[in-house]
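Survey of secondary and tertiary structure
Now for the letters of each chain:
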Amino acid sequence: AEEYKQQLEAVMSFAQRIHLDFMDGVFAPTISPPITSAWWPHKLQIDMHIMYRRPMDVIEDIVAHHPHLVILQAESDEVASAVHTLHEERIKVGIALLQDTPVEALHQYARIISHVLIFSGSLGRHGGVADLGLLEKVKSVKALLPDVEIGWDGGINGETIRALVEGGVDVLNTGGAIQKSDNPQNAYNYLASLLS
């Protein structure tokens, strides 16, 4: 819980939209603080990435926070039920695809989801490698869902950021590049400057 607080406080003064990972120790090998103990200032847009084998077990806790967006893993159990529950609660829903999960897994959610997260990292860990070959998956998602927002998680840094944006990525989840920096705001500003 203390690490969660430190990581949030390190970025909340300059970031308007923050991606928070929640892990159950089953789907992802790491266990995060429970969703019930999550908090954030109301001014922030929060995207909750739920890396749980059974997201329906915590769906009421997620709904109680009413975040900007909830991203569910396509590979989890009962994803369709969770997607529909969140949609009924008027919470935006996204689907994350692991490297080997085909874009076709999105078909059943096409009319509901507003975000697709291409996952290039290691579940539950900062500092993944950006597999730029996954930009082909970005193209496939755009072809299937032209209006969907596309996020990327894993290996975003000064060497990869421009290729990702030019490849069609809309939202960059830069966890390690900022959180592991001696000065998170300078790291954020540097990455932003590469896109201007």
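Below, the structure is looked at part by part. Note that the structure is a prediction, hence the values are computed from the model and not measured.

With five of five residues buried, strand 3 (residues 69-73) lies mostly within the body of the structure. Judged by which residues are buried, strand 3 turns out to be covered on both faces: L69, I71 and Q73 on one side and V70 and L72 on the other are all buried. Relative to strand 3, strand 2 (residues 45-51) runs parallel, the two sharing four bridges. From the neighbouring strand, I50 faces strand 3, where its bridge partner is L72. Handedness of the strand 2-helix 2 (residues 59-65)-strand 3 crossover: right-handed. Note that strand 3 and strand 4 (residues 92-97) share five bridges and pair parallel. Considered in strand 4, the bridge of L69 is made with K92. Chirality of the crossover, the property in question, places the unit of strand 3, helix 3 (residues 79-88) and strand 4 among those that are right-handed.

With that settled, consider helix 1 (residues 2-11). Because each turn of an α-helix spans 3.6 residues, side chains separated by three or four positions end up pointing in the same direction. Residues of helix 1 that are buried include every one of Y4, L8 and V11, and no others. Along the axis of helix 1, the buried residues cluster in a sector spanning 75°; they form a single face. Buried-residue contacts for helix 1 involve strand 1 (17-23) and helix 6 (175-179).

Further remarks concern the environment of G155. Tracing the backbone through its elements, the reader meets G155 in the loop between strand 6 (149-153) and helix 5 (161-166). Residues G155 and A177, spaced 22 residues apart in sequence, show a C-alpha to C-alpha distance of 8.0 Å.

Turning our attention to helix 7 (residues 184-193). When helix 7 is considered as a whole, its buried residues turn out to be P184, A187 and L191. Projected down its long axis, helix 7 shows its buried positions confined to an angular sector of 60°, all on one face. The inward-facing, buried residues of helix 7 contact helix 1, helix 5 and helix 6.

Right, let's get into the sheet that holds strand 1. Taking strand neighbours across the sheet as the criterion, the seven strands line up as 1-2-3-4-5-6-7 in an open arrangement whose pairing is parallel. One side of each edge strand has no neighbouring strand; the edge strands of this open sheet are strand 1 and strand 7 (171-173). The mean angle between the axes of side-by-side strands here comes to 25°, regardless of whether they run parallel or antiparallel. Most of the contacts of helix 4 (residues 135-144) go to strand 6, to which it runs at about 160°, and overall it touches strand 4, strand 5 (115-119) and strand 6.

Not every positive phi belongs to a glycine, and E78 is a case in point at roughly 60°. When you line up the elements, E78 lands in the loop between strand 3 and helix 3. Assessed through its relative accessible area of 37%, E78 is described here as partly exposed. You will see that R90, though not glycine, has its phi angle at about 60°, which is positive. Along the chain, the position of R90 falls in the loop between helix 3 and strand 4.

In total, this model carries six salt bridges according to the counting rule given. The salt bridge partner of R54 is D57, with a shortest N-O separation of 3.1 Å. We classify R54 as partly exposed; its relative accessible area is 38%. Across the pair K142 and D170 runs a salt bridge, and its minimum N-O distance is 3.4 Å. With K142 in helix 4 and D170 in the loop between helix 5 and strand 7, this pair connects stretches of sequence that are 28 residues apart. On the accessibility criterion, K142 (27% relative accessible area) is partly exposed. Residue classification places D170 among the partly exposed positions, given a relative accessible area of 45%. Salt bridges here are not isolated pairs; linked through shared partners, they connect R17, D47 and E149.

Rules and cut-offs
- Residues numbered from 1 in each chain as written.
- Predicted model: local features only at pLDDT ≥ 70, side-chain atom pairs only at ≥ 80, totals over all residues.
- Heavy atoms only, no water.
- Buried < 20%, exposed > 50% of the residue type's maximum accessible area, 1.4 Å probe, protein only.
- Helix = DSSP H or I, 4+ residues; strand = E, 2+ residues; numbered from the N terminus.
- Pairing = 2+ DSSP bridges.
- Right-handed = clockwise from strand over helix to strand, strands pointing away.
- Arc of directions from axis to C-beta.
- Contact = heavy atoms within 4.5 Å.
- Axes fitted to C-alpha atoms, helices over the stretch in contact; angles between N-to-C directions.
- Salt bridge = Lys/Arg side-chain N within 4 Å of Asp/Glu carboxyl O.

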